[in-house]
Amino acid sequence: MLELFQFVFMQRAFIAGILIAVLCSTIGLFIVLKRMALLGDGLAHISFGGIAAGMLFGINTLISALIFSILGAVGIQKLKKMKIYSDSAIAIFFSFGLALGVILVSLSRGFNSDLMSYLFGSILSVNISDIIIILIAGFAVLLTLFLFYKELFYITFDEASAKAAGIKVGRVNTLLIVLTAIIVVLSMRIVGILLVSSLLVIPASTALMFKRSFKQTLILSTIISALAVIIGLIAAYYLNLAAGGAIVMILIGIFLGVFFLSKH
Amino acid sequence: MNTKVIEFNKVSFSYGKQLTLSSVSFSVCKKDFFGIIGPNGGGKTTLVKLILGFLTPDSGQIKLFGKEEITSENLQKIGYVSQKVTNFDYNFPATVFEVVSMGRFPRKRILQQLSNEDNKIIEQALTDVGMLNYKNRRIGDLSGGQQQRVFIARALASEPEVLILDEPLTGVDIESQHQFYELLKTLNKDKELTIILISHDVGMVSKLITNLVCVNIHVTVHDVSKGISHSDLTCAYGNGFDAVPHHHD
């Protein structure tokens, strides 16, 4: 038996990692197909402002990050409705969150190791309360995705026809982006702010190359993502690498492998 | 007595200062087959967007199924195939069956999944358009004409009372066009579906339609169940128009 499973911190890392992988890859397919691949990155940077605020004012950083991320998500949707291009709306909020974060960090007298763990992830230091929060929020998000699967699928394929068929396209879009905001914050513990979008974008982009049905693509995306977390964590343990970075490298490796195989 | 499904009463609409439709009044009754013609920019698509509630009239009123308020319930009774429907991402991972199943979604509540009954309706819609054999193919891998039929199947799967088709044959070959008109004829006659078809191919649709609607800022409706006369057409295209468009191959 692999010795790494004897350690509680590794067990927690696997549980949290796999759950986050499932969440990110599921919502990631919708985000990628809607051409919003950088949304995750944008929301993660907005959350940075929330984390800095949480640290400065002594609030639970997960909660403060969540508030920032959700408000940012709603703000991006509002700007889009006011005819600001989607990528510009993301860039505006992205800059705002980052700028606010930098100011708050400077007020709290500079960087500390906690902040570094948010930037680059710290899956090996996931504690039991993190696991509980990720489990509860994660299952709530998955359930919501399952309940609104039909609507999300329809608006991702064709918004105009969905609207003509009586689906409330605006509300479903807001739901999608708010769920993304929640997932991004939950994922920051695993891969960090700077690498969050990798879990959203790479598994979906890899799965799309298999050219299967929507449901099959969704399942493939989840398998690829979970596999990368497992292999990445094992590699990080034995080779003494940063876990977040190792997971992303495995994802990119799988992506390249599928890419070259599909070309031949 | 035929029931009115769509009623326009002195409806006007402008894009900014550009008057697009002026005081439009007409009604569509159950089982009617309306052909809408008119020059580009004459307001044909605007007319459809007003029916679907994408646009709100500047003045006048529109009633769907006797009600002025546009509700999700009313929209569910309309199957709409837009002019741009085939402009989707051809790499999108969806099978023909998955696309047609979207037609059932608005009839399902949030928690409800598709039932066996829904699957039967989806397969029937695919059979009606002759695409059942393609149900597991990816939509992006089909030809333009085949995709068009799949989108019509999606509209049919919603079991609509009215089918609205906006220039459905753009880029579709002649053979498929003939099959398509046969399909519309069957749907209108056998399934008693009310159909509104926007087209610039008057020659082709003339044998099918009951009413010809000419849209060029003003809207005139002609009963053409006994054939189309020259004056029926000049209303839309002006006096310079002197031939029914037709194809020479």
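The rules behind these values
Residues numbered from 1 in each chain as written. Chains lettered and ligands numbered in written order. Predicted model: local features only at pLDDT ≥ 70, side-chain atom pairs only at ≥ 80, totals over all residues. Heavy atoms only, no water. Axes fitted to C-alpha atoms, helices over the stretch in contact; angles between N-to-C directions. Helix = DSSP H or I, 4+ residues; strand = E, 2+ residues; numbered from the N terminus. Parallel < 35°, antiparallel > 145°, perpendicular 65-115°, else oblique. Left-handed = near helix turned anticlockwise from the far one by under 90°. Contact = heavy atoms within 4.5 Å. Nonpolar A, V, L, I, M, F, W, Y, C, P; charged D, E, K, R; others polar. 1 Å grid on protein atoms, 1.4 Å probe; cavity = no way out; pocket = protein on both sides within 12 Å on 5 of 7 lines; lining within 4 Å. Points joined across faces, edges and corners; volume = space filled by probe spheres on them. Buried < 20%, exposed > 50% of the residue type's maximum accessible area, 1.4 Å probe, protein only. Disulfide = S-S within 2.5 Å. Buried area = accessible area lost by both parts, 1.4 Å probe. Salt bridge = Lys/Arg side-chain N within 4 Å of Asp/Glu carboxyl O. pLDDT = per-residue confidence, 0-100.

A. How the structure looks around the packing of helix α2 (residues 39-57) of chain A against helix α10 (residues 196-208) of chain A. Residue and element names in this part refer to chain A. Contact geometry of α2 with α10 gives a least axis separation of 8 Å together with a crossing angle of 165 degrees. Relative to α10, the element α2 lies roughly antiparallel. In the crossing of α2 with α10, the sense of the turn from one axis to the other is right-handed. Of the residues in α10, those touching α2 at Gly-40, Asp-41 and Ala-44 are Val-196, Ser-197 and Leu-200. Taken together, the residues that form the contact of α2 with α10 break down as 3 nonpolar, 2 polar and 1 charged.

B. Highlighting empty space enclosed by the protein. Per the stated rule, a full pass over the model turns up 3 cavities of 30 Å³ or more. Volume-wise, the largest cavity comes out at about 160 Å³. Taken together, 17 residues form the lining of the largest cavity, with Tyr-154 and Ala-165 of chain A together with Ile-78, Tyr-80 and Ser-158 of chain B sitting closest to its centre. Going through the elements one at a time, α8 (159-164) of chain A together with α2 (72-76), β5 (78-81) and α5 (144-157) of chain B are the ones with two or more residues in the lining of the largest cavity. When grouped by side-chain class, the residues that make up the lining of the largest cavity number 10 nonpolar, 5 polar and 2 charged.

C. The environment of His-218 of chain B, seen in detail. By the element assignment, His-218 of chain B lies in strand β9 (residues 218-223). Take His-218 of chain B: its relative accessible area is 52%, and that puts it in the exposed class.

D. Layout of the state of the cysteines. All chains considered together, the criterion is met by 0 disulfides over all chains. For the unlinked cysteine Cys-29 of chain B, the closest cysteine sulfur is that of Cys-214 of chain B, found at 18 Å.

E. Structural context of the interface of chain B and chain A. Counting residues at the interface gives 29 residues for chain B and 26 residues for chain A. Carbon and sulfur atoms supply 66% of the area that chain B and chain A bury against each other, a total of about 2,500 Å² over both sides. Looking at the side of chain B facing chain A, the largest losses of area belong to Phe-92, Phe-105 and Ile-110 of chain B, adding up to 23% of the total buried there. The tally of links from chain B across to chain A stands at 2 salt bridges. Close ionic contact of Arg-35 of chain A with Asp-89 of chain B constitutes a salt bridge, the shortest N to O distance being 3.7 Å. Contributions of two or more residues to the side of chain B that touches chain A are made by α2, α3 (96-101) and α5 of chain B. The dominant element in the side of chain B that touches chain A, judged by the number of residues it contributes, is α2 of chain B, at 3 residues. Residues of the side of chain B that touches chain A, tallied by class, amount to 17 nonpolar, 6 polar and 6 charged.

F. Summary view of the confidence of the model for chain B. Residues and elements named next belong to chain B. Averaged over chain B, the pLDDT score is 84; the fraction of residues at 70 or greater is 90%. Of all helices and strands in chain B, the one with the weakest mean pLDDT is helix α8 (residues 230-237) (62), whereas α3 scores best (96). Note on residues 239-243: pLDDT under 50 across the span, and 5 contacts to partners over four residues away in sequence or across chains. Across residues 245-249 the pLDDT falls below 50, and counting only partners more than four positions away or on other chains, this stretch makes 7 contacts in the model. Here the predicted complex scores 0.86 on pTM and 0.85 on ipTM.

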